[in-house]
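# Examining the three-dimensional arrangement
So you can see what is in the structure, the chains are spelled out below.
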Amino acid sequence: DAKTTQPNSMESNEEEPVHLPCNHSTISGTDYIHWYRQLPSQGPEYVIHGLTSNVNNRMASLAIAEDRKSSTLILHRATLRDAAVYYCILRRYGGSQGNLIFGKGTKLSVKP
Amino acid sequence: EAGVTQFPSHSVIEKGQTVTLRCDPISGHDNLYWYRRVMGKEIKFLLHFVKESKQDESGMPNNRFLAERTGGTYSTLKVQPAELEDSGVYFCASSPWTSGSQTEAFFGQGTRLTVV
């Protein structure tokens, strides 16, 4: 799986939007972009995934650049519960059975 | 519906002893994965079962680690004998089988293993 690059940490204020960037310049045409997060003392939790088009679900939105070399996870209104480490992971098509390769992720702090 | 369940939540053992971790995946999930995070490091893949078969065990660190999934239901990960560097948090995840489309993996809360 191709490598991703994320900032080590970010800060946000409660109830404000958060944009978490991820660079994946070596992404291949069949790589999906997945986001997971890990809250303190818990296992990783799926957030969202996409291939080319922007995606929305109840947790977040995923904005994918036209050239697919970068993407942004958007939390529309950060809450204290969103404080976690966010991981951007590339997964090859047909690799839904394969393992996830975690990097260092971005540690998001949310201030009240 | 119950999520992925791991037992025990914590384990403290002495170097040289044996420890067995257990994972109960979500019912009906054919894929079962083991991961671990050792102190200060990233979460690393250990192995992947499809039903009772080992699909990929490339992440297993050495032959002191033995994973089984009898009957394709729950899985155990045995460490024998345990070494200090085995300390960390062991995560289990499961996902349903698909023919290639992307699915999410559901993770358990993890087992914190401390070897002293």
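The rules behind these values
Residues numbered from 1 in each chain as written. Chains lettered and ligands numbered in written order. Predicted model: local features only at pLDDT ≥ 70, side-chain atom pairs only at ≥ 80, totals over all residues. Heavy atoms only, no water. Helix = DSSP H or I, 4+ residues; strand = E, 2+ residues; numbered from the N terminus. Rg over C-alpha atoms; globule rule 2.2 N^0.38 Å. Contact = heavy atoms within 4.5 Å. Areas by Shrake-Rupley, 256 points an atom, 1.4 Å probe, with all protein chains shown as cover. Pairing = 2+ DSSP bridges. Axes fitted to C-alpha atoms, helices over the stretch in contact; angles between N-to-C directions. pLDDT = per-residue confidence, 0-100. Buried area = accessible area lost by both parts, 1.4 Å probe. Salt bridge = Lys/Arg side-chain N within 4 Å of Asp/Glu carboxyl O. Polar contact = N/O pair within 3.5 Å; in protein donor to acceptor, adjacent residues only side chain to side chain. Nonpolar A, V, L, I, M, F, W, Y, C, P; charged D, E, K, R; others polar. 1 Å grid on protein atoms, 1.4 Å probe; cavity = no way out; pocket = protein on both sides within 12 Å on 5 of 7 lines; lining within 4 Å. Points joined across faces, edges and corners; volume = space filled by probe spheres on them.

### Digging into the overall build of chain B
Tallying secondary structure elements over chain B gives zero helices and eleven strands in all. By the compact-globule yardstick of 13 Å for 116 residues, chain B fits well, its C-alpha radius of gyration being 14 Å. For the C-alpha atoms alone, the extent of chain B along its principal axes is close to 45 × 30 × 25 Å. Once local pairs closer than 6 in sequence are excluded, the contacts in chain B between residues at least 24 apart make up 51%. Only carbon and sulfur atoms are counted for the fraction: they give 49% of the accessible area of chain B, which is about 5700 Å².

### Here we look at the sheet that holds strand β3 (residues 19–24) of chain B
Residues and elements named next belong to chain B. Ordered by their spatial adjacency, four strands build an open sheet running β1-β3-β8-β7, and the pairing between neighbours is antiparallel. If you trace the sheet from one side to the other, it starts and ends with β1 (5–7) and β7 (65–68), each paired once. For this sheet the average axis-to-axis angle between neighbouring strands, irrespective of direction, equals 15°. Here β1 pairs with β3 via three bridges, running antiparallel. Bridge assignment links Q6 to a residue of β3, and that residue is C23.

### Let's talk about the confidence of the model for chain A
Within chain A, residue pLDDT values average 92, and 94% of them lie at 70 or more. Taking the mean pLDDT of every element in chain A, the minimum, 92, falls on strand β8 (residues 84–92) of chain A and the maximum, 98, on strand β6 (residues 61–64) of chain A.

### Focus: the interface of chain B and chain A
Facing the 24 residues of chain B at the interface are 24 residues of chain A. Regarding the contact of chain B and chain A, the summed buried area is about 1900 Å², with carbon and sulfur atoms giving 48% of it. Where chain B touches chain A, the interface holds one salt bridge. The partner of K104 of chain A in a salt bridge is E42 of chain B, with the nearest N and O atoms 2.9 Å apart. Taken together, the links from chain B to chain A amount to five residue pairs in polar contact (both at pLDDT 80 or more). At the level of secondary structure, the elements contributing two or more residues to the side of chain B that touches chain A comprise β4 (31–38), β5 (44–50) and β9 (88–95) of chain B. Looking at the side of chain B that touches chain A element by element, the count peaks at four residues for β4 of chain B. Across the side of chain B that touches chain A, the residue classes tally to nine nonpolar, eleven polar and four charged.

### Section: the sheet that holds strand β9 (residues 106–111) of chain A
Residues and elements named next belong to chain A. Strands sit in the order β1-β9-β8-β3-β4 across an open sheet of five strands; the sheet is mixed. At either margin of the open sheet sits one strand with a lone partner, and together these are β1 (9–13) and β4 (45–50). The average undirected angle you get between the axes of adjacent strands in this sheet is 25°. Sheet topology places strand β3 (residues 31–38) next to β8; eight bridges connect them, and they run antiparallel. Note on β8: the bridge partner recorded for W35 is C88.

### Focus: the layout of surface pockets
Estimated volume of the largest pocket: approximately 700 Å³. Looking at the largest pocket, it is lined by 32 residues, and the ones nearest its centre are Q38 of chain A together with R37, V89, F91 and R112 of chain B. Those elements that provide at least two residues to the lining of the largest pocket are β8 and β9 of chain A together with β4, β9 and β11 (111–115) of chain B. Top element by residues in the lining of the largest pocket is β11 of chain B. It accounts for four residues. The calculated volume of the second largest pocket comes to roughly 380 Å³. Taken together, 21 residues make up the lining of the second largest pocket; nearest its centre are K3, F102, G103 and K104 of chain A together with E42 of chain B. Going through the elements one at a time, β8 of chain A together with β5 of chain B are the ones with two or more residues in the lining of the second largest pocket. When the residues that make up the lining of the second largest pocket are grouped by side-chain class, the tally is nine nonpolar, seven polar and five charged.

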